[in-house]
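Fold and contact review
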Amino acid sequence: MITAFVLIKTDASRIPETAEQISAIQGISEVYSVTGEWDLIAVARVAKHDELADVIADRLSKVASVVHTTTHIAFRAYSQHDLDAAFALGFE
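Below you will find a few notes about this structure. Because the structure is predicted, anything quoted here is derived from the model rather than measured. Residue numbers run consecutively from 1 along every chain, following the written order of its sequence. In view of the model being predicted, local features appear only for residues whose pLDDT reaches at least 70, and side-chain atom pairs are presented and counted only at 80 or more, with totals across whole chains, interfaces and linings using the full set of residues. Side-chain numbers come from the whole structure's heavy atoms, not from hydrogens or water.

1. Examining helix H1 (residues 15–23)
Buried residues of H1: Thr-18, Ala-19 and Ile-22, and no others. Each buried residue of H1 sits inside an arc of 100 degrees when the element is viewed along its axis, so together they form one side. The exposed set on the far side of H1, more than 90 degrees from its buried face, consists of Pro-16 and Glu-20. Every residue pair with non-hydrogen atoms within 4.5 Å of one another is taken to be in contact. Each helix is a run of DSSP H or I of at least 4 residues and each strand a run of E of at least 2, with the numbering of both proceeding from the N terminus. In this structure, the buried residues of H1 make contact with strand S1 (2–10), strand S2 (28–33), strand S3 (40–46) and strand S4 (66–73). Exposed residues in this analysis have more than 50% of their type's maximum accessible area, buried residues have under 20%, and partly exposed residues fall in between, with area computed by a 1.4 Å probe over protein chains only. This arc is built from the directions going out from the helix axis to the C-beta atoms.

Take a look at the structure:
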């Protein structure tokens, strides 16, 4: 599974509607409204890298109220469970 985080700037008057449209795209698992420089952050989860182009470039970026996007592809996920296990190695 390939995970990408898409930072999105939108037409500020249409943030909720834009989030709804993006969340309906197959391959987008979550959309968050956030504070700061970006308006929304979407999480894309796909099986192959080629699918990212379809989800992000061909669909998400063409939502009318999307002004700009920046995408970050995740290399590895670290959950609290994984971190606890790593730091507990060798200790009983």
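From this point, the discussion proceeds with the structure in view.
2. Focus: the nonpolar core
Among the buried residues, those of types Ala, Val, Leu, Ile, Met, Phe, Trp, Tyr and Cys that are joined through side-chain atoms within 4.5 Å form a nonpolar core. In terms of nonpolar packing, the biggest core is built from 18 residues, with Ile-8, Ile-22, Ile-28, Ala-42, Leu-52, Val-55 and Leu-60 touching the most fellow members. Looking at this core, the elements that each hand over two or more residues are S1, H1, S3 and helix H2 (49–59). Once residues within four sequence positions are removed from consideration, Ala-42 is found in contact with Ala-4, Phe-5, Val-6, Ile-8, Ile-22, Ile-28, Glu-30, Val-31 and Leu-60.

3. Some points on H2
Leu-52, Val-55 and Ile-56 are the residues of H2 that are buried. Seen end-on, H2 carries its buried residues on one side only, within an arc spanning 80 degrees. Packing partners of the buried residues in H2 comprise S1, S2, S3 and S4.

4. Focus: the pattern of salt bridges
Should a side-chain nitrogen of Lys or Arg be within 4 Å of a carboxyl oxygen of Asp or Glu, the pair is scored as a salt bridge. For the structure on display, the rule yields three salt bridges. With its nearest N and O atoms 3.1 Å apart, the salt bridge here joins Glu-30 to Arg-45. Separated by 15 residues along the polypeptide, Glu-30 in strand S2 and Arg-45 in strand S3 bring together distant segments of the chain. Residue class for Glu-30 comes out partly exposed when judged on its relative accessible area of 26%. Close ionic contact of Asp-54 with Arg-59 constitutes a salt bridge, the shortest N to O distance being 2.3 Å.

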